[in-house]
Amino acid sequence: MFRLGEARAGGFEEIQQSGSIVLEPQNILFENDQVEQTPMLKLQFAVKRLIDVFGAFSALLMLSPLFGVVALLVKLDSKGPVFFSQIRWGMNGEKIRVYKFRSMRTDLCDATGVAQTVKNDPRVTKMGAILRKTNIDELPQLINVLKGDMSLVGPRCHAIGMFAGGRLYEDLVPNYHKRHTVRPGITGLAQMRGLRGPTDRADKARARIASDIYYVDNFSVWLDIRIIFGTLWSELKGGKGF
């Protein structure tokens, strides 16, 4: 399995613009320890990818009527496109474009994703509140899974420059980028454990990353299956998104 040797440059560099300092995302360079994967682990990753492709393709086919209804409701609810896309961290520090159903007003959207959503967020539309509560807004990420940018299961896809407890994730959690040694997922161990919502406190953010790194260190197809069914059970009991 991958090991993270070092993430250089912290993911950002400071650039002086008009007397102010802005953060510019940089490519993260991973210095892997060149640990050879066992044949069994290679097989598990191959099976994981087969599950991703089959699961995403099947879900897109079955959910296509729902996609049509949601697209219509989003258009009727507020002005703007049906889909929202954003650049986020992918595997090995690559930047990927992630798709979602638009759930916010176009004039108030934060394209960077740095401004986290809070309860009763005024940016969220009426339809968007329903989509976020039920996590239906995440379904277009099945396209990302088919493309190979994401997986059904993995650490959740973070926006570049995301803050937690008032600090950059990279500064708050020294081994933060270890979570990026696998494909990000539509759901993950942290989400199954109920670690969701804004990361306004450092302890909540650290707990979430600890779950992500546990997943990286203990990956197995069986763990993925448990997370998928655990997530479905959690959603049946009532989604916690907002």
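Residues numbered from 1 in each chain as written. Predicted model: local features only at pLDDT ≥ 70, side-chain atom pairs only at ≥ 80, totals over all residues. Heavy atoms only, no water.

This part covers helix 6 (residues 202-217). With 16 residues, helix 6 ought to run about 22 Å at 1.5 Å a step, and its terminal C-alpha atoms sit 22 Å apart, in line with that. Within helix 6 the residues assigned to the buried category are Ala-205, Arg-208, Ile-209, Ser-211, Asp-212, Ile-213, Tyr-215 and Val-216. The secondary structure elements touched by the buried residues of helix 6 are helix 1 (39-77), strand 5 (151-153), strand 6 (163-164), helix 4 (169-172), helix 5 (189-192) and helix 7 (221-236). (Helix = DSSP H or I, 4+ residues; strand = E, 2+ residues; numbered from the N terminus. Expected span 1.5 Å × (residues − 1). Buried < 20%, exposed > 50% of the residue type's maximum accessible area, 1.4 Å probe, protein only. Contact = heavy atoms within 4.5 Å.)

This paragraph deals with the confidence of the model for the chain. The pLDDT averaged across the chain works out to 82; a share of 79% of its residues lies at or above 70. Across the chain, strand 5 holds the top mean pLDDT of 98, while strand 2 (residues 20-25) sits lowest at 38. A low-confidence stretch, residues 1-35 (pLDDT under 50), is modelled with 77 contacts involving residues beyond four sequence positions or located in other chains. (pLDDT = per-residue confidence, 0-100.)

A full pass over the atoms with the stated rule returns five aromatic pairs. Seen in terms of ring centroids, Phe-83 and Phe-101 are 5.3 Å apart; in terms of plane orientation they differ by 20°. Their pairing is stacked. Highlighted residues: Phe-83 in strand 3 (residues 83-89) and Phe-101 in strand 4 (residues 95-101), separated in sequence by 18 residues. You can call Phe-83 partly exposed: its relative accessible area is 41%. Between Tyr-169 and Tyr-176, the ring centres sit 5.0 Å apart and the planes meet at 10°, which makes this aromatic pair stacked. Take Tyr-169 and Tyr-176: they sit in the same class, and that class is buried. Chaining the aromatic ring pairs together yields one cluster made of Phe-45, Tyr-215 and Phe-219. (Phe/Tyr/Trp six-rings, centres within 6.5 Å; stacked < 30°, edge-to-face > 60°.)

Core analysis: the biggest nonpolar cluster contains 28 residues, and Leu-142, Met-150 and Tyr-215 have the highest contact counts within it. Counting residues per element, the ones that place at least two in this core are helix 1, strand 4, helix 2 (126-134), helix 3 (141-147), strand 5, helix 6 and helix 7. Counting residues per element, this core draws most heavily on helix 1, at six residues. Leaving out residues up to four positions away in the same chain, Leu-142 has contacts with Ala-56, Ala-59, Leu-60, Leu-63, Leu-152 and Ile-186. Trp-89, Ala-164, Val-173 and Ile-213 belong to the second-largest nonpolar core, a separate cluster that totals 11 residues. (Core = buried A, V, L, I, M, F, W, Y, C linked by side-chain atoms within 4.5 Å.)

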